[in-house]
Each structure stands twice: as C-alpha cells, then as structure tokens.
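# Reading the structure
Chain by chain, the residues:
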Amino acid sequence: MHFARFCLFCLAFFTLNAQAQPQSIYDYDIKQWTAADGLSNNSVRALTQDQQGFLWVGTLTGLNRFDGHQFDVFTAQTNRHLISNAITRLFTDSSGYIWIGTRSGLSGVTSSTLKFDRYPILGEVTSIVEVAPDEIWVAADNLFRIKEGQISRVEEVKEPVNQLEVTPHHVWVSSSKYLYKIAKNGQLEKLSLPADLSQHPVYDLLWHNNKMHLASEQGYFHVGEDNDIVRCKLPRQESSPVYKLFRDQHNGDWVSGYSELFHRHQGQDWQVISRDELGSSTLFTDIYQDRQQNVWLGSFGDGIYRASRGKIKRVVGSGQPDDVVRSVVEAPDGELLLALQQGLGFLSKDNMYRPAKLNFTGNLNTVQDLQPDNEHWLLATDSGVYRWLPQTGAVELIDGSLRGVKSRVVKPRAAGGYWIGTAIGLFTYEQGKLTPFAFNNELESTVITYIEEQQDKLLIGTTRGGYQFQQQKLLRIGLGSPLYHAYISSLLWLKDGSVLAATIDDGLFVRQFDGKWLQFDTANGLPFEPVISLYDDEQSGYVWASTLKGIFRFHPADLARHDQNKAVFEQVLTPYDRQLGTAPGRCCNGVGHSKVARRDQQLWYPTLKGLVAVPLSFKAGLNTHSEPMMLQVQSAQNYLLQPQQDKLVMAIDERNLTLRYTAIDFLTTAALEFRYQLSGFDAGWQHVGARREAIYTNLPPGSYQFRLQSRQNNQSWELAQQTELTLVIPRRFDETAIYRGLWLLLALIILYGLFWLGRRNNQLRENSLTKLVKQRTQELENSNFRLNELNEQLSQLTHKDPLTGLRNRRFMFEQLPKDIEHYQRNRDSMLAQNKCIALIHLDIDGFKLINDKYGNSAGDSLLQQISGLLIKETRGSDYVVRYAGEEFMLVLRDVPQDLVKEFALRLNELVALEPFQLPDGRAVPMNCSVGYALYPLELLGGQLIGWEVSLQLAELALFHVKHSGRNGVATILFDNQVDAFEFEDSNHIEAQIEKLLADSVAWFDLTLCKISRS
C-alpha cells in the first residue's frame, strides 16, 4: 500500500493504565488511502459497510468497494442502473441492501450479487434514513418515502429538504427555513430557523443526549428544551462552517469543520486537529464507524482515513523543551531519566517533564549511556564520562584522560566498580580510579560499543567485531562469519547460554550450542535494519529488538529452526508509522546501552519525536483472524460467488480459470498472507504471499476442491482461517465414455469388414500367389537384408559427425525430447534423489586464431583431441554432441544437481591443462568457456518449462562467460519466488532474462578458471 504525503500516524494507543488518564484523539491509529492506492477519486462524499464486511466509498467519479487491500470501482458506464458517478450518500438498511444517493437521483445495490437497481427519484440526494423496517425516507428535490417497494412523497413537507435524522419518536427534517419534527403517527411540528441559520445550508443532523444537533454553514447548533436553536461552542470556532457530526460507539463526539477536526471523549473537553497538524486544509464530508469499531473519515479532497484504537503510545512530556530523545533509563523513584538533544530531564508517570539540574559550563554533547551510582549518575557522552549529582546539578569529569573522548558504555562490573567503554578502548572505574583494560592492544578497534557480562565471562562489542573475555583470554567471536568484522550495536546473553549479537550493517546473529553462528538480515526474514538494542523479557520469552526503522520481537528458540510455516519475527512498529500532527519519528536513536527502559510493564524507546511506549503484553492487531472469502471465478464468462457458496459448476469447454479471493482486513493488510491448493491437481499448497488470485490453465474435466487459507505473517498456518469451494468442470460429449464407446464400436465394425474382405480375397488369390511367393521370398529376404544395412549406414551418417565421430545436432534434437519424457515418467523418483538433466555448452576460446595460424588440418586434429577428452570424462549414459564448429554440447542424464557445477568446472580445468598436439608434434595450449543449465529449472513451476528454455539459458550463460573474459563457467540462478510463467513466451527469453536481472531476482553464477595457458 502506498502512503500519501500526509497519512496520519498509526500506532498511538492506550497503555495499561489508560482508564485512569484522559483519553486523546492522538490515541488513534490512523491511515490514509487516496487515488494513488486505487480509489476512483480523492473527493469522498459517503461511506458505508455491507454485510460481508466490505467498505463502500462514494466519490465524485464512482462507487468503490474496499477490502483493505484494493478498491473495486463501479461506474455508470459499467453498471447501467447506477444513475450517476457523482455519489452523495450511501446507506445500508437493516436487510443489508445499500441505497446509493447521487447528484442525479437514487440507485441501490445488493452487495452479495452486485446487482444494481434504479429508482424514479431525480435530483441530488442529500440524505437517506430508515424510519422502520422496509421503510426508507430519501431527501432530494422533495421528501420521498419508499415502503414495501412503493415510492411516494411525504406530504407533510411541501418544500425541498436537505437533511434527515431518525429519533425514537420522530423523524427530523431540515429545509432552508424550517426544522420539521414528524411524529410516527404523522403529527407535524415546525420550528423556524433563526436568522443566522435561515437561507444557509444545513449539512448534517445528529441526535444524541436527547437533543438534536445541527451542522450548518454558520456553525454548530443544537435545539434547546424550549425548541429554541442555540449555538454550540467549539474551540477556536464561532461561525465557521461545520460539515459533519458523528457519535461513535464509545460515546465519543466527532465534528468536522472547515480545515479542523474536533473530537471529544465522553466527559472530556474538545480536542482539535488543526490545519497545521493535518498538513493541509482537509475537511471531512462523512464519518462512519464499521462493525470492527474502526472510524472512517471521508475527506473533501484527500481520500479516506481509518482511525482505530491501538496499543502503542508515543509520549512527548508536558513541558518537554526538546522532542528528540537520545537515551532513556528508569530512575530509582520510578521516573524515566531522558537524555535530550541538549540536557537531561525526568518524565513522571503522568507524563510531566521536569528538567534536571545541570551546573555545568561546558557542553555534554550527546549522552549515550546513563548509569546510577548511589546518589550520583555516570554519564557516557560524546565529550567524555561525567559524574552528575541530581540534587545539586554538579557535573564533573571522572578522569582528565577522558576529556573530549567519545564514550558510549557505562556498565556495572560483577567484581565491583564499572566498565567504561570509549573510543580509545575499555577501562575499569572503581573508587575514583580509571584503569585501562589489559587487552586493549589486542582489539582490532578500540571503539567500544557494548558490554555484556555473565558471571566470569565478558562480551565486548566494538566497531570491528566482538570479543569474549574469559579466564584471562581474549577470543574473537564470529570466526568465519560476517560477524567477525561487524559493527556491534548490542549483545545479549540468554539464560540458556546462547548469545545474540546485533549489528549496524550485517543484521542479527545467534550463537548456537555447537558454537556456530546463524545470521539473519532482510534477505531471510529480518524486518528492519540496522538493529540498535535488544531486550530479553524472560516472562514472555520474547526478545524485543529496536532498529532505526521500527521495533520487532521474536522467540530466540525459533531462530534455529527452519519452519517456513511460521514467521520468526513479528513487527510491532513499522517505518511508516508517524504521530498525528507530526513528522515521521525515526525509531530508535543511538546504539547500545540506555536505548530501552522498562516501566509499568512497558518498554520505552527513545525516538526523534519523544518516547515510544510498547506494552509487554502487546498483541497483534485486533483483526488477526481475517477469514478468506471467494469473490469470483473468471473464465470465458465471470461467475460471481455468493456468500457461503461452496460449489460452482462451470460451463462446458471452460478449462482456463482465474479464481479471485480476498480477506477483509483494514488494520494489518500488509501482514496478510495466503496459500491455496486445488485438490486433485496441485501436489501441495501454493504459497502466494499477498497475491489475491489463483490461475489454472488446461484443467482436465472433473470435480476439484479449491482450499484457501489466510493468516497474519506472525502466525502459524495451523491457526490460519480456511474456506473451500468445490469446482466442477463438466466433460464435453467427446470426452464421455459413450462417445468413446461409439468410436470404438465403429472401429471394430470397420476392422471386421476389412478382415472379412481381406480373407475372401486371400482365399481367391491364395493358389495363384503361392508359386510367386515362393519365388520372391528369397529375393525379398536378400533385399531386406541389404536395405537394413543401408538404413543402418544412413542412420549413422545422419546422426554422427564425420570429423570427430561424435553425435551431431540432429541426434540431440531427436534424442533429448525422449530423455525429457523418460525423466517426466520418473519425476517423483528423480526429484526425491535431487537428480536432473544437465545441458553443458562448451566453446573453445580463440579457435579461429588457431585455424588461421596453423591451418585447418591442425584445427581438425585439435577438435578430434577435444572430442576424445570429452568422451573420456562422460559416463556411458551421457552423450557428447558436436554442436557447431568448435562448440560442443554435453547432455548428462539423471545426474545429481549438486555435481553439475563441479563437473563443468573440472571440464574447464582439464581443457586448460591438456597438452594438445599439432600434427608436427608441437603442443598448443587451449582454453574453453562453459555455460550450463538444468532441467527442470529450480523455480516455481519449473517443470512447466520445456527443455528448449534450459538450452537457451545454457547458451546465454556461455555468452556471459565470453563477455566476462572467457575461460570460465557460468549458469543463471533465480530467486525462489520467480514463477515459471515468466518464461511462458520462449521466443523472448533474452528479454525476459534481462528484465529478471534488472529486477535482481536472477543473476549469473560465474567462476573464471584460475588456470590459463593460452
């Protein structure tokens, strides 16, 4: 999903003690969708939800159905009963039918069938309400009643009306001059609008707290107890227009004004989101709350917004002078000690900021680490390590040798005192004495970034790798892995003895019990990099990780397993989240210590925009069990599926199907994943990520079960929701047993007739032919023997290269399809043994120069020697083909995949090492270039691709070796997500490969020979 230029910040919610604190509009997770995301128009005028859960959005250029992932657009051009594209009102009645008001009249749609209806009400529809079951009132150029399918005018009101509202005992109707109260028994009461309201549009009516409220061009009003219309007070607003009034299911009030949004929780004061905070002058024309309690806001020119309650809170303390927080740690009295951009301060539990005393004439610069020391604090800063006394504010350098030295670590020692990590090495500090670490000179980098101590073992992180210090020995960790020279940002010693190492450039590492290190980066599942801090929550078993782009968590035990059914890392805060009314806040700042604090069962992280507080009891979004649903099946005709429909019978001759499906999820759409299986056709589950369609071609007739599952990417597939659809593909008459039986009967009759005629003729001619047969028998036997000899010689000539004695191209193109057919018949066995057919294309480098220098006869001799070498190195089941000139093709049948590259490299080296002899006895060195490819290809649906593509890929790999300097071996590798349909058109393989190379989902695996004798 693309994010517009000012989407309101997600993830700011109630903490565990939220009920005791004032609620705020900033405690909403808000996201925006615009025309860039598929919405038909950014000017949204109406919102509603159908019984299936889809959100319907009316704009000035069409009607949209939204599932959280994509918009399906309906227009008057594609649906003739939709009277106009300019949608003004949407209303879902108690039966689930959706009424559509437009600028040109009234339409409706049955959401389950997408069948549109048109009604004889013309003019702009401004309001739709349900007065009673099966009774709808519509405000247009007149007031209309639709009851039991019959349309009539409401005769109590004789003038055009604009807004309607239903209360327990009345229907309220507003016109340009009056406000009508129509009782259920038909009694009419008419209230005159005051002078400042008369002749001005009334945009909305809302009944709550036993009062009728009006949104008008002149402001916000309500009807008093004496039926007098009184102005309501809004902050910073007197007579500016108000466009929409709404009360949510939590009794919160929403008021949309001109360039301002007002919100009030029950029993609290109004809060204002102004033009400055929005980033534009957006006004909201409709506000709607769906069944999942998401509040949707349709804007006049910036699309739609979804506001929902969340779990994470971003805090900027009241009175805090600087939003940028560099470090955070919990103080002994339960407050949080913050290191801001400049200076220190305390944040109380009620989010009040109190600046700390600092009697210091110098500049502390950035404070990287804070550590309590009895009544003092030790501060590791970019200008040295200081002792600070909060009571007096006194600040002093702990040792003059550290003046101006960047320091990042202050860590208590198990033996007493502290570890001090600086840019010039590691020190111990005890009783006022600073002592250098005895092994500083063995560190490749003296810039210390992190210290982790456990009993008698010490882990040291630097900008060039990590170390373990134990029993007076300093050992480098991560030998043989990228961790060896990585920039260490955090280290964590888990209680089971395993070690986690976070880095700036190389991701996350875990040391297993056998001493091996596993690496995780964005290529194999790590959500964000670089990793800044690690926190072990032993109670839940989670390790929390903060990065510059977000926060995620995981169970360490999951890192060692290779189960693809469940994601290891769970995203908590993403790079796209930002606070309402603020610029994006990067998370999280700095590296190493004091980058996460725990208080009140929450983790507090420093960011560029205050603190982010994450509850340790954090759970994924509210809508984590989105049920998949089938939408339609597309073939020669489209089959729209009804809710709960579990079977579909296709028309005859339809064999190519596209199944469209979805799962409605407005909160965590990006984390939604799908997989499906067509039982009777698919061998296993097809994992398709966020893709919402399944494509099948050339399906045989029969009955299939299409099973569809959806899950959040942090869930196991065992917890996935599932739906099923039975697909029946009927047989054509020519595919039935009766049809085949008729053909068989006809064939038998014809054969019998031919047999009878033949037997009769044979009997008549038997006597006359007996002598002739005897005479010709010997001649025929002789001729057959000679003919067989000639056929054998001809076969040898047509399949054999006369110079080298090798097979030729004709033989290969006749034999290779047979080899492929043999492989397919034994496919399961071959795949189980990891065997394939390898095509190795070999070309002699610079052979034309040899011909030009020594003559064609010398070249022929060298080709014969090359042929002998290739035959010697191949098995009896393989065959070598002279492909063209100095080019050879080796076909290795049923060969293990992991031996093909080794065999190609060995051929390359053998040619370089072989002393080839000219006819005059001189030796000539030669090199070769080799390109190879496999069948089947190792990609999604690779067995659907013909061997011709593998042959072309081997040739492309050979050309790549030639262009890279010759004398080497190459092949083309693909990302495991590349689909076989990328090679559907084998006539454009080179263009398709170039596109895949440009998209970084394909690459050449090139190995140049180290031996060169040319």
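An account of the accompanying structure is given in this report.

Parameters and conventions
- Residues numbered from 1 in each chain as written.
- Predicted model: local features only at pLDDT ≥ 70, side-chain atom pairs only at ≥ 80, totals over all residues.
- Heavy atoms only, no water.
- Helix = DSSP H or I, 4+ residues; strand = E, 2+ residues; numbered from the N terminus.
- Rg over C-alpha atoms; globule rule 2.2 N^0.38 Å.
- Buried < 20%, exposed > 50% of the residue type's maximum accessible area, 1.4 Å probe, protein only.
- Pairing = 2+ DSSP bridges.
- Axes fitted to C-alpha atoms, helices over the stretch in contact; angles between N-to-C directions.
- Contact = heavy atoms within 4.5 Å.
- Polar contact = N/O pair within 3.5 Å; in protein donor to acceptor, adjacent residues only side chain to side chain.
- Parallel < 35°, antiparallel > 145°, perpendicular 65-115°, else oblique.
- Nonpolar A, V, L, I, M, F, W, Y, C, P; charged D, E, K, R; others polar.
- Phe/Tyr/Trp six-rings, centres within 6.5 Å; stacked < 30°, edge-to-face > 60°.
- Lys NZ or Arg CZ within 6 Å of the ring centre and 35° of its normal.

### Brief notes about the overall build of the protein
Within the protein one finds 9 helices and 74 strands. The C-alpha radius of gyration of the protein comes to 39 Å, more than 25% above the 31 Å expected for a compact globule of 1014 residues. Structurally, the protein occupies a C-alpha span of about 130 × 95 × 50 Å along its principal axes. Buried residues in the protein amount to 52% of all 1014 residues.

### Comments concerning the pairing of strand 36 (residues 384–389)
Taking burial as the measure, the 6 residues of strand 36 include 5 buried ones, the bulk of the element. In the sheet, strand 35 (residues 376–381) pairs with strand 36 via 5 bridges, with the strands oriented antiparallel. Opposite W377, over in strand 36, you have W388 as the bridge partner. With 4 bridges joining them, strand 36 and strand 37 (residues 394–397) adopt antiparallel strand pairing.

### A look at the sheet that holds strand 28 (residues 304–309)
What the 4 strands build is an open sheet, ordered 1-28-27-26; its pairing is antiparallel. Both outer strands of the open sheet, strand 1 (28–33) and strand 26 (284–289), are each paired with one neighbouring strand and no more. Taking the axes of each pair of neighbouring strands and ignoring which way they run, one obtains an average angle of 20° across the sheet. The pairing of strand 26 with strand 27 (residues 295–299) spans 5 bridges and is antiparallel. Within strand 27, the residue paired with Q289 across the bridge is V295.

### Details of the environment of S950
Along the chain, S950 falls in helix 8 (residues 947–963). Separated by 15 residues in sequence, S950 and Y935 have C-alpha atoms that sit 6.2 Å apart. When sequence neighbours within four positions are dropped, the list of residues in contact with S950 reads L839, A933, L934, Y935 and L937. Within the structure, S950 has its side chain in polar contact with the backbone oxygen of L934 (distance 2.8 Å).

### Section: the packing of helix 5 (residues 847–854) against helix 6 (residues 856–873)
Direction vectors running N to C along helix 5 and helix 6 enclose 135°, while the axes themselves pass 6 Å from each other. Taken together, the axes of helix 5 and helix 6 lie oblique to each other. Between helix 5 and helix 6, the contacting residues are F847, I850, N851 and Y854 on the first element and N856, A858, G859, L862 and L863 on the second. Across the contact of helix 5 with helix 6, the residue classes break down as 6 nonpolar, 3 polar and no charged.

### Let's talk about the side chain of Q49
Here Q49 is to be found in strand 2 (residues 44–49). Judged by its relative accessible area of 3%, Q49 falls in the buried class. One polar contact links the side chain of Q49 to the main-chain carbonyl oxygen of G53, over a distance of 3.0 Å. Those residues within four positions of Q49 in sequence are excluded, and the remaining contacts are F54, T92, Y288, D290, R291, Q292 and F666.

### A word on the packing of aromatic side chains
For the coordinates displayed, the defined rule picks out 36 aromatic pairs. Taking 5.7 Å as the distance between ring centres and 75° as the angle between the ring planes, the aromatic pair formed by F520 and F569 counts as edge-to-face. Taken together, the residues F520 in strand 49 (residues 517–520) and F569 in the loop between strand 52 (551–554) and strand 53 (570–573) connect sequence positions 49 residues apart. The buried category is assigned to F520, whose relative accessible area is 10%. Residue F569 is classed as buried on the basis of its relative accessible area, which comes to 8%. Members of the aromatic cluster, connected to one another through ring pairs, are Y661, F674, Y676, F681, Y696 and F706. Positioned above the aromatic ring of W419, the side-chain terminus of R413 is 5.0 Å from the ring centre. Across from the ring centre of W685, 4.3 Å away, lies the NZ or CZ of R675, which sits over that ring.

### Things to note about unusual backbone geometry
The amide bond that connects E529 to the next residue, P530, takes the cis arrangement and shows omega of -10°. Take P530: it is sitting in the loop between strand 49 and strand 50 (531–537). P936 follows Y935 through a cis peptide bond whose omega is 0°. Relative to the helices and strands, P936 is located in the loop between strand 72 (928–935) and helix 8. Backbone geometry at N227 places phi at a positive 65°, although glycine is not the residue there. Relative to the helices and strands, N227 is located in the loop between strand 20 (219–223) and strand 21 (229–231). Relative accessible area serves as the criterion here: at 28%, N227 is assigned to the partly exposed category.

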